[in-house]
Amino acid sequence: MLRVILLKKYFQARTLIKDFSYYNPTKIEFGKGKEKEIGRYIKEAGITKVLFAYGMGSIKKSGLYDETLASLNKYGIEYVELDNIVSNPLLSRVNDGVKLAKETKVQAVLGVGGGSVVDSVKAIAIGALYEGDVWDFFTNKKPVEKALRVFTVMTLAATASEMNGNTVITHDETKQKLSIQSVVVNPVLSVINPDLMASVSKDYLAYSAVDAIAHSIEIYFTASYHANFNSRLVESIIKSMMETTQILIKEPDNYDARGEFAWIATQALNGLTPAGTQGGSFPNHMIEHALSALYNVAHGAGLSVVIPAWMKWYKNQNLPMFERFAKEIFGLSTADEGIAALENWFEKIGSPITLEGLNIPKNGIESLAENAYEVGKVWGLAEAYSVETIKEILNKA
């Protein structure tokens, strides 16, 4: 009887998780040597011809390029290649890929690399079945309704692009960095082999950790309702990411830590943590997109500058969650202590925490704020984040 009374009081004291729909169609193949079977996975999906895209040549140095071609050839998969996809991927290269995909009539796209490569192939997959400008989808002029199928082999853990429908591209001319979100471009299958990530530099390990933390922390702080279960998921992701990052800084060849790091990064943005929450937005990403669009900084490096500055500005709008964050992540009491601890951890792992650390001058804040505001208009955040507000946040950095 006492248990029933306690449970009744518990449920009266809190609102239950909100209604939601959750669907993730991506199959993950995780483990050693799985990339050698990418040709088989593609064949089993009924695909016979793909556009094979990659970055600036690192997969050729590592031998992954030759392994990929060997697997495609073994299983009779025809391919055309698109190389030279850069970090902070550009619309111009996406357009090259769209043109190539249309001319060669490929049935699917295969991205081998990090988040920038996967973002690019998703945009190509959408553009290949559209007669207009693929940028229309990024500016919300057109809804995404169809795309070529997407396959990936990951060489960097950070963006969770391997298990979501997100793609972020920078317009070369306007310097807008915008995104698409659609389950239509969730990969059919993604390969995650931690061994393929062992050569990631210490800097990019840090930036990747920051990015993964940012993916889970933004809704945590900005949601109007965040169930206790969701909060614990986010806190577990953050603490686990911090632990594995610190292990890998000391032991870069630790396969177990590398594997855990990769799977944590995937969970941070595959749609699981916000399911059942209400409200929420990504203002840190909105502001950071201006930094990487105008100054070509690494996305995670930009986030480690923006996040603490935004937290200092926003904390009083949701003080209980900031106090919870301080307690659950760092064992501290106040919001300010938690913010300082996170900022110190970013610095400890080697990620910048000031605009100066990114070589961005203070007189650049005006143009950054204007650029971020334009992103905010597309994302529906312009009312909450005016140019002046964004400048106020950046001045804290």
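Use the structure listed above.
The rules we used
- Residues numbered from 1 in each chain as written.
- Predicted model: local features only at pLDDT ≥ 70, side-chain atom pairs only at ≥ 80, totals over all residues.
- Heavy atoms only, no water.
- Helix = DSSP H or I, 4+ residues; strand = E, 2+ residues; numbered from the N terminus.
- Rg over C-alpha atoms; globule rule 2.2 N^0.38 Å.
- Buried < 20%, exposed > 50% of the residue type's maximum accessible area, 1.4 Å probe, protein only.
- Contact = heavy atoms within 4.5 Å.
- Lys, Arg positive; Asp, Glu negative; His and termini not counted.
- Charge placed at Lys NZ, Arg CZ, Asp CG, Glu CD.
- Phe/Tyr/Trp six-rings, centres within 6.5 Å; stacked < 30°, edge-to-face > 60°.
- Lys NZ or Arg CZ within 6 Å of the ring centre and 35° of its normal.
- Salt bridge = Lys/Arg side-chain N within 4 Å of Asp/Glu carboxyl O.
- Pairing = 2+ DSSP bridges.
- Axes fitted to C-alpha atoms, helices over the stretch in contact; angles between N-to-C directions.
- Expected span 1.5 Å × (residues − 1).
- Core = buried A, V, L, I, M, F, W, Y, C linked by side-chain atoms within 4.5 Å.
- Left-handed = near helix turned anticlockwise from the far one by under 90°.
- Nonpolar A, V, L, I, M, F, W, Y, C, P; charged D, E, K, R; others polar.
- Parallel < 35°, antiparallel > 145°, perpendicular 65-115°, else oblique.

Draft legend 1. Examining the overall build of the protein chain more closely. For the protein chain, the count of helices and strands is 16 helices and 10 strands. Here the protein chain has a C-alpha radius of gyration of 21 Å; the compact-globule value for 397 residues is 21 Å, and the two agree. In the protein chain, which comprises 397 residues, the proportion classed as buried is 57%. Put simply, of all contacts in the protein chain between residues at least 6 apart along the chain, 78% involve residues at least 24 apart. Each charge class in the protein chain was averaged separately, 40 positive and 44 negative side chains, and the resulting centres sit 5 Å apart.

Draft legend 2. Here's a closer look at the packing of aromatic side chains. According to the stated counting rule, one finds 19 aromatic pairs in the structure shown. The interplanar angle of 20° and the centroid separation of 4.5 Å between the aromatic rings of Trp310 and Tyr314 together place this pair among those described as stacked. Of this pair, Trp310 and Tyr314 both sit in helix α12 (residues 299–314), four residues apart, roughly one helical turn. Taken individually, Trp310 and Tyr314 each receive the classification buried, so the pair is uniform in this respect. Relative to Phe330, the ring of Phe325 has its centre 5.9 Å away and its plane inclined at 75°; by these criteria the two rings are edge-to-face. Taking the relative accessible area as the measure of exposure, Phe325 reaches 1% and is therefore buried. Clustering of aromatic rings is evident, with ring pairs tying together Tyr220, Phe221, Trp310, Trp313, Tyr314, Phe322, Phe325, Phe330 and Tyr385. Between the NZ or CZ atom of Lys32 and the centre of the ring of Tyr255, over which it lies, the distance is 3.9 Å. When the ring centre of Tyr65 is taken as reference, the NZ or CZ atom of Lys60 above it lies at 4.8 Å.

Draft legend 3. Looking closely at the pattern of salt bridges. Using the criterion set out here, one finds 13 salt bridges in the structure. Of the charged contacts, one joins Glu29 and Lys34 as a salt bridge, the two residues approaching to 2.8 Å between their closest N and O atoms. The salt bridge involving Glu235 is made with Arg324; its shortest N-O contact spans 2.6 Å. Here the residue Glu235 occupies a position in helix α9 (residues 228–250), and Arg324 occupies one in helix α13 (residues 319–330), the gap between them amounting to 89 residues. The network of salt bridges with shared partners includes Lys27, Glu29 and Lys34.

Draft legend 4. Up close: the environment of Leu269. Mapped onto the elements of the fold, Leu269 is located in the loop between α10 (255–268) and β10 (278–279). C-alpha of Leu269 to C-alpha of Gly165: the two residues are 104 residues apart in sequence and 9.8 Å apart in space. Here Leu269 is in contact with Thr159, Ala160, Asn164, Asn166, His215 and Phe282, once residues within four sequence places are set aside.

Draft legend 5. View of the sheet that holds strand β8 (residues 189–192). Here six strands make up an open sheet; going across it, the order is β1-β8-β5-β4-β2-β3 and the pairing parallel. Taken across any chain shown, the strands that pair with only one partner, and hence form the sheet edges, are β1 (27–30) and β3 (78–82). Averaged over all pairs of adjacent strands, the angle between their axes in this sheet comes to 20°, without regard to strand direction. Examined bridge by bridge, β1 and β8 share four bridges and lie parallel to one another. For Phe30, the partnering residue across the bridge sits in β8 and is Ile192. Contacts from helix α4 (residues 64–74) reach β2 (49–53), β3, β4 (108–113) and β5 (149–154), with the element oriented near 155° to β3. Helix α6 (residues 115–127) rests against β2, β3, β4 and β5 of the sheet, and its axis sits at about 170° to β4.

Draft legend 6. Layout of helix α14 (residues 335–348). End to end, α14 covers 20 Å across 14 residues, agreeing with the expected 20 Å (1.5 Å per residue, within 8%). Buried within α14 we find Ala335, Gly338, Ile339, Ala341, Leu342, Glu343, Trp345 and Phe346. The secondary structure elements touched by the buried residues of α14 are α8 (202–222), α9, α12 and α13. One or two positions beyond α14, positive phi appears at Gly350, with a value near 100°.

Draft legend 7. Local environment of the nonpolar core. Among the nonpolar cores identified, the biggest contains 104 residues, and Leu51, Phe221, Leu291, Trp310, Met311, Phe325 and Tyr385 are the most heavily contacted of them. Ranked by residues supplied to this core, first place goes to α8 with 11 residues. Each residue touching Leu291, except ones within four places of it in the same chain, is listed here: Asn296, Val297, Gly302, Val306, Leu355, Leu358, Ile360, Leu368 and Leu394.

Draft legend 8. Region of the structure containing the packing of α8 against α10. As a packed pair, α8 and α10 sit with axes 8 Å apart at the nearest point and diverge in direction by 35°. Once α8 is placed against α10, the crossing between them reads as left-handed. For the pair formed by α8 and α10, the contact residues are Leu205, Ser208, Ala209, Ala212, His215 and Ser216 on the first element and Arg258, Phe261, Ala265 and Ala268 on the second. Here the contact of α8 with α10 is composed, by residue class, of six nonpolar, three polar and one charged.

Draft legend 9. The side chain of Thr244, seen in detail. Residue position: Thr244 is located in helix α9. Judged by relative accessible area, which is 2%, Thr244 ranks as buried. Apart from the residues lying within four places of it in its own chain, the contact partners of Thr244 are Ala257, Glu260, Phe261 and Ile264.

Draft legend 10. Structural detail: the packing of α9 against α10. Their axes nearest at 9 Å, the elements α9 and α10 cross at an angle of 150°. One element, α9, and the other, α10, form an angle in the roughly antiparallel class. Considering only the axes of α9 and α10, their crossing is left-handed. Here Ile237, Ser240, Met241, Thr244, Thr245, Ile247 and Leu248 of α9 lie close against α10, whose contacting residues are Ala257, Arg258, Glu260, Phe261, Ile264, Ala265, Gln267 and Ala268. Of the residues assigned to the contact of α9 with α10, the class counts are nine nonpolar, four polar and two charged.

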